[in-house]
Amino acid sequence: MKTFAAGESGAVTVDWVILTAGLVGLGLATMTVVSAGVEDVSGDTGDALTDFEIASSFAELVDYSGHSLVGPSHNEAWRTGETARFGAMSDADLMAAYNASYGIATGGVYPHAQHETDRIGVMEQEMAARGMTIPNGNTPYTTLHTNQGGTVS
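This is a predicted model, so every value here is computed, not measured.

With that out of the way, let us pick up the nonpolar core. One recurring pattern in soluble globular proteins is that nonpolar side chains are buried together. Judged by nonpolar contacts, the single largest core of 16 residues is most densely connected at F86, L94, Y98, Y102, I120, M123 and M127. Going through the elements one at a time, α3 (76-87), α4 (91-105), α5 (112-130) and α6 (141-147) are the ones with two or more residues in this core. Ranked by residue count, the leading element in this core is α4, at 5 residues. Apart from the residues lying within four places of it in its own chain, the contact partners of Y98 are I120, M123, E124, M127, I134, P135, N138 and T139.

Have a look at this one:
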């Protein structure tokens, strides 16, 4: 019996069992303390998302089709063609075209300013569909349109 009591083989196993049990107990205690807070946050998140409406398409967010065309030679066929043309451009090309048209539209030379204002309306609609924004400081299309004598039906 003395040999068994003095033997140390297997003592490391006992140490690991005790350490593992301590870690499991610490994990359970932490989970108990944190779970109530996590439950509150997840409930608040669920409540916030319940009334949240997600748009299925960004294109629905901006629709300028009810705005009259101010360019003297423009009609709905022109708008449809421009929509297709700008829709086929890369983001970088669309932004470059927008900047060029904006410079002309705000330059005040008629009828070029009117022509480019209509074009900006088509471009801003495409930009909104892609999640792009107009450069800071630029006057939005709706204001340019009104300044050019446009109406909204």
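Turning next to helix α2 (residues 11-50). The terminal C-alpha atoms of α2, which comprises 40 residues, lie 57 Å apart, in line with the 58 Å expected from a rise of 1.5 Å per residue. A maximum bend of about 35° is found in α2 at V34.

Take the packing of α3 against α5 next. Packed helices, taken two at a time, are described by their axes: the angle between them and the distance between them. For the pair α3 and α5, interaxial distance at closest approach is 10 Å and the crossing angle is 45°. Judged on the interaxial angle alone, α5 and α3 are oblique. Both α3 and α5 take part in a crossing whose hand is right-handed. Within the contact between the two elements, α3 uses W78, R79, E82, T83, R85, F86 and G87 and α5 uses H115, D118, R119, V122, M123, E126 and R130. Looking at side-chain class alone, the contact of α3 with α5 contains 4 nonpolar, 3 polar and 7 charged residues.

One pass over the full model with this rule turns up 6 salt bridges. Here R85 ties to E82 by a salt bridge, and the two come within 3.0 Å at their closest N and O atoms. Placement of both R85 and E82 in helix α3 is noted, with a separation of 3 residues, approximately one turn of the helix. E82 gets classed as buried once you look at its relative accessible area, which sits at 8%.

What counts as what
- Residues numbered from 1 in each chain as written.
- Predicted model: local features only at pLDDT ≥ 70, side-chain atom pairs only at ≥ 80, totals over all residues.
- Heavy atoms only, no water.
- Core = buried A, V, L, I, M, F, W, Y, C linked by side-chain atoms within 4.5 Å.
- Buried < 20%, exposed > 50% of the residue type's maximum accessible area, 1.4 Å probe, protein only.
- Helix = DSSP H or I, 4+ residues; strand = E, 2+ residues; numbered from the N terminus.
- Contact = heavy atoms within 4.5 Å.
- Expected span 1.5 Å × (residues − 1).
- Bend = angle between axes of the 7 residues up to and from the residue.
- Axes fitted to C-alpha atoms, helices over the stretch in contact; angles between N-to-C directions.
- Parallel < 35°, antiparallel > 145°, perpendicular 65-115°, else oblique.
- Left-handed = near helix turned anticlockwise from the far one by under 90°.
- Nonpolar A, V, L, I, M, F, W, Y, C, P; charged D, E, K, R; others polar.
- Salt bridge = Lys/Arg side-chain N within 4 Å of Asp/Glu carboxyl O.

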